[in-house]
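Geometric and topological summary
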Amino acid sequence: MSRFNLFTPQTVLDVLNKLEQKIQYKDRLKLFLPAGGVSGTLRNAYKTDNGTPFVWAKTGSLRYMHLQSGWIETRKGKTYRYVFMNNNFVRPTSEIRNEMVRLMTEIHEKY
């Protein structure tokens, strides 16, 4: 992917929707993506909730662009698809990542 592909958050959400339709089994779908606090690029970003991950997502970065998209499960048992697309930011990427983690953790705990 390059910054010239003109992807939008809706484009990425459409891909997530297609994956969900194609695979149909939530537990199987989780095997394809890094789990927050457990594996891949999200291993050190998220903490688990009593040993259980609540975010499964793919990340991607280009210069001045950072993307994270996937699924989140809330403590109330709801599952949501999400896309963060951060462009042209002037803060360090670590700050952008930390804010995404803060928001996703808050969503997990409240909804």
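The preceding data block contains the structure.
Below or above, wherever it landed, is the structure these notes cover. (Residues numbered from 1 in each chain as written. Predicted model: local features only at pLDDT ≥ 70, side-chain atom pairs only at ≥ 80, totals over all residues. Heavy atoms only, no water.)

With that settled, the discussion passes to the overall build of the protein chain. Tallying secondary structure elements over the protein chain gives three helices and three strands in all. Listing every helix and strand of the protein chain by position from the N terminus yields α-α-β-β-β-α. Against the globule reference of 13 Å for 111 residues, the protein chain gives a C-alpha radius of gyration of 14 Å, in line with a compact fold. With the principal axes as the frame, the protein chain shows a C-alpha extent of 35 × 30 × 25 Å. For the protein chain, buried positions account for 34% of its 111 residues. Long-range contacts, defined as pairs at least 24 residues apart, comprise 42% of the intrachain contacts of the protein chain with a sequence gap of at least 6. Accessible surface for the protein chain amounts to roughly 7,500 Å². Of this, 52% is attributable to carbon and sulfur atoms. Charge-centre separation for the protein chain: the mean point of 18 positive side chains lies 5 Å from the mean point of 9 negative side chains. (Helix = DSSP H or I, 4+ residues; strand = E, 2+ residues; numbered from the N terminus. Rg over C-alpha atoms; globule rule 2.2 N^0.38 Å. Buried < 20%, exposed > 50% of the residue type's maximum accessible area, 1.4 Å probe, protein only. Contact = heavy atoms within 4.5 Å. Areas by Shrake-Rupley, 256 points an atom, 1.4 Å probe, with all protein chains shown as cover. Lys, Arg positive; Asp, Glu negative; His and termini not counted. Charge placed at Lys NZ, Arg CZ, Asp CG, Glu CD.)

When strand β1 (residues 55-62) meets strand β2 (residues 65-73), the two strands line up antiparallel, connected through eight bridges. Across the sheet, residue Trp56 finds its bridge partner in β2, namely Trp71. The turn joining β1 and β2, which pair antiparallel and follow one another in sequence, is formed by two residues; a positive phi near 60° is taken by Tyr64. (Pairing = 2+ DSSP bridges.)

Position of Leu6 among the secondary structure elements: in the segment before α1 (9-23). Linking Leu6 and Leu62, residues 56 residues apart in sequence, is a C-alpha distance of 13 Å.

When you line up the elements, His108 lands in helix α3 (residues 93-110). Classification of His108 as buried rests on a relative accessible area of 5%. Of the polar contacts made by the side chain of His108, one reaches the side chain of Asp49; its length is 2.7 Å. If near-sequence neighbours (up to four positions away) are discounted, His108 is found in contact with Asp49, Phe54, Ile72, Glu73, Thr74 and Arg75. (Polar contact = N/O pair within 3.5 Å; in protein donor to acceptor, adjacent residues only side chain to side chain.)

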